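# Descriptive analysis of the structure
For reference, the chains in residue letters:
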Amino acid sequence: SAKASGRNCVHLFDPSDPKSGDDSEAVAALLRTAIDRHLVSLVYQPIQSLPSGRVDAVESLMRLRMLDGTDVPPSVFIPIAERTGAILELGRWAIDTVCQELLSNRHIAFATVNISVVQLRAPGFSKTVEDILHERRVPGTRLAIEVTEGLDLELNSEVLRSIGSLRQLGVRIWLDDFGTGFAGLSWLRLIDFDAVKIDRSFINNLSNNRDVTMLRDIIELVRNRGPQILVEGVETSEQMEILGNYQVDYLQGYFIGHPRPSANVGAIIAPQALQMSNQL
Ligand code: C2E
Ligand code: MG
Ligand code: MG
Ligand code: MG
């Protein structure tokens, strides 16, 4: 019951309904067979490259559907998958699926896959990626992994070795959600990221000068260390205009495009985003 599971309880359903199975055990059980039962899928959100304005990359995002058709948000099921270890199998499936999608969409330069630290710590993770790339005949350079700074993260030697081996395959290493945790700066100090995604909280609210200055300072901090810069969560033309003042390499957000079931983003790019970027 919800009471018994205490803090780990996730309220997927109406908590006032005593019949609704609202704890993480239901999700954990589902995750064990989710791939076979086609309950997991990937959606692809477009990434716009600057200065060309081309939308030639995507981020893959995982989705989980319950048997009754309800969607479970990644913020709920990813931590459960990490705790139970299901993330290893799901992660392998995701990379394989992304590779197939890259094969059928040759105009997509690269796709990113979110990877949790549990995967980076797992022995043989880079070998798994190598095998998939080899089997699918996808060059490593068409794949980027996104790692998120986590509070509890130890940047131990396993993680660093894993990242080093992936890089040898040509796989790009991106830092996701930069600025949300305390670990971001130490990550940036220890790893040569190919790109850094500035968290959308810095662009959400640019209503006053302090917010704009903060965004500018963060962009400058990252740029001075060398990685490319992506700003995520771009939703409005006003935000696009402000970003026009800074040199960023990639844009992502609902203004550019929402996540879609296919990586074939050529057809889904918001025309106004393309037009705006021509003026940047
Ligand atoms: P993330 O990697 O930072 O992904 C960005 C999240 O922001 C996505 O939510 C996306 O749908 C949402 N988003 C994109 N553009 C906008 C925008 O303009 N405005 C707003 N308000 N939101 C926007 P989603 O798909 O719910 O994913 C949440 C998180 O779950 C991801 O954050 C990522 O950390 C994790 N995740 C998703 N898929 C995977 C996966 O395959 N593996 C792992 N390990 N984690 C995943
Ligand atoms: Mg991400
Ligand atoms: Mg992100
Ligand atoms: Mg995020």
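None of the values given here were measured: they were computed from a predicted structure.

## Some words on the overall build of the protein
In terms of helices and strands, the protein carries 12 helices and nine strands. Put simply, 66% of the contacts in the protein that link residues at least 6 apart link residues at least 24 apart. Taken as a whole, the protein presents about 14,200 Å² of accessible surface, with 49% of it coming from carbon and sulfur.

## Observations concerning the pairing of strand E2 (residues 55-65)
Burial of E2 is extensive: nine of the 11 residues sit out of reach of the surface. Summarising the sheet, strand E1 (residues 40-49) and E2 pair through nine bridges and their orientation is antiparallel. Each bridged residue has a counterpart across the sheet, and for Pro46 the counterpart in E2 is Val58. Where E1 folds back on E2, the antiparallel hairpin that results is connected by five residues, among which Gly53 adopts a positive phi of roughly 80 degrees. Bridge count between E2 and strand E4 (residues 110-115): four bridges; the pairing is parallel. When the sheet's bridge partners are listed, Ser60 is paired in E4 with Val113. In this structure, E2 lies alongside strand E3 (residues 71-72), joined through two bridges in antiparallel fashion.

## Describing the site of ligand 1
In the vicinity of ligand 1, 21 residues are found, and the nearest of them are Arg63, Asn114, Asp176, Glu235 and Tyr254. In this structure, an oxygen atom belonging to ligand 1 sits 3.0 Å away from a side-chain N or O atom of Glu59. Arg63 is positioned such that a nitrogen or oxygen atom in its side chain is 2.8 Å from an oxygen atom of ligand 1. At four residues, the largest contribution of residues to the shell around ligand 1 is made by E2.

## Some thoughts on the coordination of the magnesium ion (ligand 3)
Coordination of the magnesium ion (ligand 3) by the protein involves Asp176 (OD), Asp177 (OD) and Glu232 (OE), with metal-donor separations of 2.1 to 2.6 Å. Taken in sequence order, the residues that donate to the magnesium ion (ligand 3) follow the motif D-D-x54-E. Separating the magnesium ion (ligand 3) and the magnesium ion (ligand 2) is a distance of 3.7 Å, and Asp176 donates to both of them. On the criterion of sequence distance, the pair formed by Asp177 in strand E6 (residues 172-178) and Glu232 in the loop between strand E8 (228-231) and helix H11 (237-243) is long-range, its members being 55 residues apart. Here Glu232 falls in the buried class, since its relative accessible area comes to 10%.

## As for the coordination of the magnesium ion (ligand 2)
At this site the magnesium ion (ligand 2) is bound by Glu59 (OE), Asn114 (OD1), Glu146 (OE) and Asp176 (OD), with donor distances of 2.0 to 2.3 Å. Along the chain, the residues donating to the magnesium ion (ligand 2) fall in the pattern E-x54-N-x31-E-x29-D.

## Concerning the pattern of salt bridges
Here the structure, examined in full by the defined rule, presents nine salt bridges. As a salt-bridge pair, Arg92 and Glu89 come within 3.4 Å of each other at their nearest N and O atoms. Here the residue Arg92 and the residue Glu89 both occupy positions in helix H4 (residues 86-104), the gap between them amounting to three residues, near one helical turn. With relative accessibility at 43%, the residue Glu89 sits in the partly exposed group. The network of salt bridges with shared partners includes Glu59, Glu146 and Lys197.

## Some details on the environment of Leu143
Within the fold, Leu143 resides in strand E5 (residues 143-148). Residue classification places Leu143 among the buried positions, given a relative accessible area of 1%.

## Digging into the packing of aromatic side chains
Here the structure, examined in full by the defined rule, presents four aromatic pairs. When the ring of Trp174 is compared with that of Tyr250, the centres are 5.4 Å apart and the planes differ by 35 degrees; the resulting orientation is tilted. Taken together, the residues span a long stretch of sequence, with Trp174 in strand E6 and Tyr250 in strand E9 (residues 250-251) at a distance of 76 residues. Given a relative accessible area of 9%, Tyr250 falls into the buried group. Counting every residue linked through ring pairs, the aromatic cluster contains Phe110, Trp174 and Tyr250.

## Some words on the side chain of Ser116
Mapping Ser116 onto the fold places it in the loop between E4 and helix H5 (117-121). In this structure Ser116 comes out as buried when scored by relative accessible area, which is 9%. Excluding residues within four positions of it along the chain, Ser116 makes contact with Glu82 and Ile87.

Cut-offs applied
Residues numbered from 1 in each chain as written. Chains lettered and ligands numbered in written order. Predicted model: local features only at pLDDT ≥ 70, side-chain atom pairs only at ≥ 80, totals over all residues. Heavy atoms only, no water. Helix = DSSP H or I, 4+ residues; strand = E, 2+ residues; numbered from the N terminus. Contact = heavy atoms within 4.5 Å. Areas by Shrake-Rupley, 256 points an atom, 1.4 Å probe, with all protein chains shown as cover. Buried < 20%, exposed > 50% of the residue type's maximum accessible area, 1.4 Å probe, protein only. Pairing = 2+ DSSP bridges. Near = heavy atom within 4 Å. Polar contact = N/O pair within 3.5 Å; in protein donor to acceptor, adjacent residues only side chain to side chain. Donors = N, O, S within 2.8 Å, 3.2 Å for Na, K, Ca; no water. Salt bridge = Lys/Arg side-chain N within 4 Å of Asp/Glu carboxyl O. Phe/Tyr/Trp six-rings, centres within 6.5 Å; stacked < 30°, edge-to-face > 60°.

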